[in-house]
Amino acid sequence: MCGRFYLDAQAEELKATFSLSSLPALEPRYNIAPSQSILAVVTDESERVGRWFRWGLIPAWAKDAKLGYRTINARVETVAEKPAYRTAFRHRRALIPASGYFEWLAEASGKQPYCIRPSDDQLLAFAGLYEHWEGSEGESIDSCTIIVTDAAPSVTEIHDRMPLCLAPAQYDAWLDPQLQDPEHLQALIDSGTPPDLQAYPVTRSMNNHLYDRPDNIEPLK
């Protein structure tokens, strides 16, 4: 699964990496958690833009927003079929920029968080989906989910699942709203190869999602 990640890239790097025509103001974040606003890249009138979405997808048909607490991740094996995701999978796909993510390993002294990041320090692009939801009392929420898959061999000892990361060559097709065939889309995400990742233990202070500081990604000494 993916329950925490971080993004400390500068605006210029994000715009260049994802060919963005616009990007909201943002600051480095070192402990992004479910239900918070996260940056996602989407196609808007044929242009790639960065927009904020609540992490935890709320389908348009949901009776209330509480469903979003259970939909932070969508399994790649069933994303095309699950009622909560199948419409977004066809019509509303996104890329979630990340510098890295966190997972926990059970140890004798308790759960130890690990920072997992690309070995080459390049930005990751998590495959995501998004939705627009309106409540009966006028509430309006744009929300998203991160698709997860089997972990790369280099990190399986920490956790058996990880965010599905797309390569730059896959961005155009994934963000193309005209591409709606589930089999084609499934083949697209099944064809990728996981990035080369490194993992190392970090401070347990980041177990508190309110602890958002740069030392969350520093190796323990």
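Residues numbered from 1 in each chain as written. Predicted model: local features only at pLDDT ≥ 70, side-chain atom pairs only at ≥ 80, totals over all residues. Heavy atoms only, no water.

**Q** Summarise the overall build of the chain; cite the residues concerned and give the values.
**A** A count of helices and strands for the chain gives 4 helices and 12 strands. Summarising its shape, the C-alpha atoms of the chain cover approximately 50 × 40 × 35 Å along the three principal directions. Considering the chain as a whole, with its 221 residues, one finds that 48% of them fall into the buried category. Here the contacts in the chain between residues at least 6 apart in sequence split such that 67% fall between residues at least 24 apart. (Helix = DSSP H or I, 4+ residues; strand = E, 2+ residues; numbered from the N terminus. Buried < 20%, exposed > 50% of the residue type's maximum accessible area, 1.4 Å probe, protein only. Contact = heavy atoms within 4.5 Å.)

**Q** Before we move on, could you go through the state of the cysteines and cite the residues and values that matter?
**A** Tallied over the full model, the rule gives 0 disulfides. Note on Cys 2: no disulfide assigned, nearest cysteine sulfur contributed by Cys 165 at a separation of 8.8 Å. In this model Cys 144 remains outside any disulfide bridge; the closest cysteine sulfur is found in Cys 2, 11 Å from its own. (Disulfide = S-S within 2.5 Å.)

**Q** Lay out the nonpolar core in plain terms, naming residues and giving numbers.
**A** Judged by nonpolar contacts, the single largest core of 58 residues is most densely connected at Phe 5, Phe 126 and Trp 174. By residue number, the principal contributor to this core is strand β9 (residues 124-134), which donates 6 residues. Those residues within four positions of Trp 174 in sequence are excluded, and the remaining contacts are Phe 89, Arg 93, Ala 94, Leu 95, Ala 127, Gly 128, Leu 129, Ile 147, Leu 166, Leu 188 and Ile 189. Tyr 6, Tyr 30, Phe 102 and Tyr 200 belong to the second largest nonpolar core, which has 8 residues in total. (Core = buried A, V, L, I, M, F, W, Y, C linked by side-chain atoms within 4.5 Å.)

**Q** I'd like a description of the layout of surface pockets, backed by residues and values.
**A** A volume near 300 Å³ is recorded for the largest pocket. In terms of lining residues, the largest pocket is bounded by 19 residues, among which Gln 122, Leu 123, Leu 166, Pro 168 and Pro 195 are the most central. Those elements giving two or more residues to the lining of the largest pocket turn out to be α1 (11-18), β9 and α3 (168-175). Per-element tally for the lining of the largest pocket: the top contributor is α3, with 3 residues. Considered as a void within the structure, the second largest pocket measures approximately 180 Å³ in volume. In terms of lining residues, the second largest pocket is bounded by 16 residues, among which Thr 149, Leu 164, Ile 189, Gly 192 and Pro 194 are the most central. (1 Å grid on protein atoms, 1.4 Å probe; cavity = no way out; pocket = protein on both sides within 12 Å on 5 of 7 lines; lining within 4 Å. Points joined across faces, edges and corners; volume = space filled by probe spheres on them.)

**Q** Which residues make up the packing of aromatic side chains, and what values do they have?
**A** Enumeration over the complete set of coordinates arrives at 8 aromatic pairs. Both rings, one in Phe 5 and one in Trp 55, keep their centres 5.3 Å apart while their planes meet at 70°; by these two values the pair is edge-to-face. Note that Phe 5 is positioned in strand β1 (residues 5-7) and Trp 55 in strand β4 (residues 47-55), a separation of 50 residues in sequence. Assessed through its relative accessible area of 1%, Phe 5 is described here as buried. Taken together, Phe 5, Trp 55, Tyr 101 and Phe 126 form an aromatic cluster joined through their ring pairs. The ring of Trp 174 carries the charged tip of Arg 93 above its face, separated from the ring centre by 5.5 Å. (Phe/Tyr/Trp six-rings, centres within 6.5 Å; stacked < 30°, edge-to-face > 60°. Lys NZ or Arg CZ within 6 Å of the ring centre and 35° of its normal.)

**Q** Would you mind going over the side chain of Gln 112 in detail, with residue names and values included?
**A** In this structure, Gln 112 sits in strand β8 (residues 110-118). Looking at Gln 112, the relative accessible area reads 5%, which means it is buried. Reaching out from Gln 112, the side chain makes a polar contact with the side chain of Arg 204 at a distance of 3.0 Å. Beyond its immediate stretch of four places on either side in the chain, Gln 112 contacts Glu 103, Trp 104, Leu 105, Glu 107, Pro 201, Val 202, Arg 204 and Leu 220. (Polar contact = N/O pair within 3.5 Å; in protein donor to acceptor, adjacent residues only side chain to side chain.)

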